[in-house]
Amino acid sequence: MIVLGQRKRRFELPGVSSLREKAVVTFYTGGWAMGSLGNILVVDDEKIFCTVLTTSLEYKGYTVKSAVSGKEAIEAFNLEDFDAVITDLQMDEINGYEVADHIKAHSAQTTVILITGGDCSKIEKEAFQRGVDVLFQKPFAVEDLLPYLPPKKHNTDLTRQRPPPNTKYDADKDTNST
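Residues numbered from 1 in each chain as written. Predicted model: local features only at pLDDT ≥ 70, side-chain atom pairs only at ≥ 80, totals over all residues. Heavy atoms only, no water.

J.: How should the side chain of Thr54 be read in this particular structure?
T.: Relative to the elements of secondary structure, Thr54 occurs in helix α1 (residues 47-59). Once residues within four sequence positions are removed from consideration, Thr54 is found in contact with Val42, Val64 and Ser66. (Helix = DSSP H or I, 4+ residues; strand = E, 2+ residues; numbered from the N terminus. Contact = heavy atoms within 4.5 Å.)

Here you go:
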């Protein structure tokens, strides 16, 4: 991986036009990576959250596709290989559990990260039984996701250690922060 320098960037989100809806995301990219660390699918019915997470991961060096529904996510997954899927739990029609079920039934090696605005302790048992690898509670920092995302398979220079499956993320106990 080639890093071209550390930059602080400010991004305006597309589709957000009124002053009330105006959203600007400023984040520290940690450097511009050339190439891709992996192919990620982001699923969330909150379009603004989906856009922010997608943009943030792209600037961390990942190739990212987004879907704003469980149905759209399953259709995208059936057409393309993804190294990881980050999906919201609570969505209309097809929820995050059903997305995880479909992904694990067709590709057990794909990392599934479930995100929720609710209490993780109430859903962790069912989430892990359904094959979810990691559970995150909103809000979270993008940097907190990085250790759980698989690096590009043929790139042996990456030293990030992938945690064991079925890991509940706890920011207070995290010792491997990037």
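J.: Please explain the packing of helix α2 (residues 70-79) against helix α3 (residues 96-106) as it appears in this structure.
T.: Any two packed helices are characterised by the angle at which their axes cross and by the distance between the axes. Where α2 meets α3, the axes come as close as 10 Å, and the angle between the chain directions of the two elements is 15 degrees. The orientation of α2 with respect to α3, classified from their angle, is roughly parallel. In this structure, the crossing between α2 and α3 has a hand that is right-handed. Residues Gly70, Ile74, Phe77 and Asn78 of α2 touch α3, and the partners they reach there are Val99, His102, Ile103 and His106. A breakdown of the residues in the contact of α2 with α3 according to their chemical character gives four nonpolar, four polar and no charged. (Axes fitted to C-alpha atoms, helices over the stretch in contact; angles between N-to-C directions. Parallel < 35°, antiparallel > 145°, perpendicular 65-115°, else oblique. Left-handed = near helix turned anticlockwise from the far one by under 90°. Nonpolar A, V, L, I, M, F, W, Y, C, P; charged D, E, K, R; others polar.)

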